[in-house]
Amino acid sequence: MKKKIFAANWKMNKTIAEAESFAKEFVKLTPNPRHKVLIFAPFLSIQMLAKFFDKKKVFIGAQNLHQSEKGAFTGEISAEMLKEVGASAVIIGHSERRQFFAETNQTINEKIKTALANGFVVVFCVGETLEEREKGKTKIVLQRQITEGLEGIDRPQNVVVAYEPVWAIGTGKTATIKMIEETHTLIANETKKLFNKNVPVLYGGSVNEKNFEAIVQANGVDGALVGGASLSAEKFAQMVNKK
Ligand code: PGA
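No experiment lies behind these values; they were computed from the predicted model shown.

Engineer: Any chance you could break down the overall build of the chain for me, citing the residues and the numbers?
Structural biologist: Counting its regular elements, the chain contains 10 helices and eight strands. In terms of overall dimensions, the chain is globule-like: its C-alpha atoms have a radius of gyration of 17 Å, near the 18 Å expected for 243 residues. In terms of its C-alpha atoms, the chain occupies a principal-axis envelope of roughly 45 × 45 × 30 Å. Out of the 243 residues belonging to the chain, those deemed buried represent 49%. Nonlocal contacts in the chain, meaning residues at least 24 apart in sequence, comprise 73% of its contacts between residues at least 6 apart.

Dropping the structure here:
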């Protein structure tokens, strides 16, 4: 298999102690990952994980940041705080943030700008709901998320897009290979219009140790953003060790 990117999105799972036992097991199973590995952990575990892993082998990231540098934003975390604890990447625009925390294309765009200005790799998530797909609106929704989310960004080298159909997240339903290839082509066309070059595009939504191989080898797929299955060191190691 060609070199791919595997990103673990732990969401609101794992205490520091649990993250540490994952790290110990994962490094034993994967002393030298064959693919590029990122782990997006809850804020509290980032420092421990960033110290634990060799920075050249496993990148540690956050699942959100605030767009402002600092200030009266109770409960929020800034880019500088994340850098200090060793995070080098951040997920922005995940559908759970859009759905449960009212993030809009506008706030997502501001967050992406802040993250890039601070040197983070950004995994920017886009995806349509089931209703939007059934109504034939996938293209228009994704075009809007991409043009508004990436508006004003001129240096795409640290941008990775993750296509995550909302109906496939945590549901056990994955998009078909045909749907994935069609949508990844659409995303590549949009990012090419903006940047005149391709940015890596991951697929996310019920990727597991059984289906990942076919998915990441589909045309236009540069890797996977893995939720549920990444909570198991064994399952995630199977992916990043794949020859
Ligand atoms: P899932 O989550 O793999 O559990 O579907 C993916 C994601 O939300 O990033």
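Now, onward.
Engineer: I'd like to hear about the pattern of salt bridges, residue by residue, with values.
Structural biologist: Summed over the entire model, instances satisfying the criterion amount to 11 salt bridges. Of the charged contacts, one joins Lys-111 and Glu-103 as a salt bridge, the two residues approaching to 3.0 Å between their closest N and O atoms. On the basis of relative accessibility, which here comes to 4%, the residue Lys-111 falls in the buried class. Under the relative-accessibility criterion, Glu-103 is labelled buried at 9%.

Engineer: Just give me the short version of the site of the ligand, but keep the residues and values in it.
Structural biologist: For the ligand, the set of nearby residues contains 13 residues, the closest of which are Lys-11, His-94, Glu-164, Gly-170 and Ser-206. In the environment of the ligand, an oxygen atom lies 2.7 Å from a nitrogen or oxygen atom belonging to the side chain of Lys-11. His-94 has a polar side-chain atom sitting 2.6 Å from an oxygen atom of the ligand. Burial of the ligand by the protein chains amounts to 95% of its free accessible area of 280 Å².

Engineer: Quick one: what's the story with the nonpolar core, residue by residue and with numbers?
Structural biologist: Ranked by internal contacts, the top residues of the largest apolar core, which has 63 residues, are Phe-26, Ile-39, Leu-49, Ile-112, Tyr-203 and Phe-236. It is helix H10 (residues 233-240) that provides the largest number of residues to this core, a total of five residues. Beyond its immediate chain neighbours, meaning those up to four positions away, Ile-39 contacts Ala-8, Trp-10, Phe-22, Phe-53, Val-58, Phe-59, Ile-60, Gly-61 and Phe-236. With 12 residues, the next largest nonpolar core counts Phe-40, Val-123, Cys-125 and Val-160 among its residues.

Engineer: Give me the lowdown on helix H8 (residues 177-195), citing residues and values where you can.
Structural biologist: Taking 1.5 Å as the rise per residue, H8 with 19 residues should run 27 Å; its terminal C-alpha atoms sit 26 Å apart, in good agreement. For H8, the set of buried residues is Ile-180, Thr-183, His-184, Leu-186, Ile-187, Glu-190, Thr-191 and Phe-195. Projected onto a plane normal to the axis of H8, the buried residues spread over an arc of 160° and lie on a single side. For H8, exposure combined with an orientation more than 90 degrees from the buried face picks out Lys-178 and Lys-193. Looking at the packing, one finds that the buried side of H8 touches strand E5 (121-126), helix H6 (130-134), helix H7 (138-149), strand E6 (159-163), strand E7 (201-204) and helix H9 (212-216). Looking one or two residues beyond H8, the residue adopting positive phi is Asn-196, at roughly 65°.

Rules of the game
Residues numbered from 1 in each chain as written. Predicted model: local features only at pLDDT ≥ 70, side-chain atom pairs only at ≥ 80, totals over all residues. Heavy atoms only, no water. Helix = DSSP H or I, 4+ residues; strand = E, 2+ residues; numbered from the N terminus. Rg over C-alpha atoms; globule rule 2.2 N^0.38 Å. Buried < 20%, exposed > 50% of the residue type's maximum accessible area, 1.4 Å probe, protein only. Contact = heavy atoms within 4.5 Å. Salt bridge = Lys/Arg side-chain N within 4 Å of Asp/Glu carboxyl O. Near = heavy atom within 4 Å. Polar contact = N/O pair within 3.5 Å; in protein donor to acceptor, adjacent residues only side chain to side chain. Areas by Shrake-Rupley, 256 points an atom, 1.4 Å probe, with all protein chains shown as cover. Core = buried A, V, L, I, M, F, W, Y, C linked by side-chain atoms within 4.5 Å. Expected span 1.5 Å × (residues − 1). Arc of directions from axis to C-beta.

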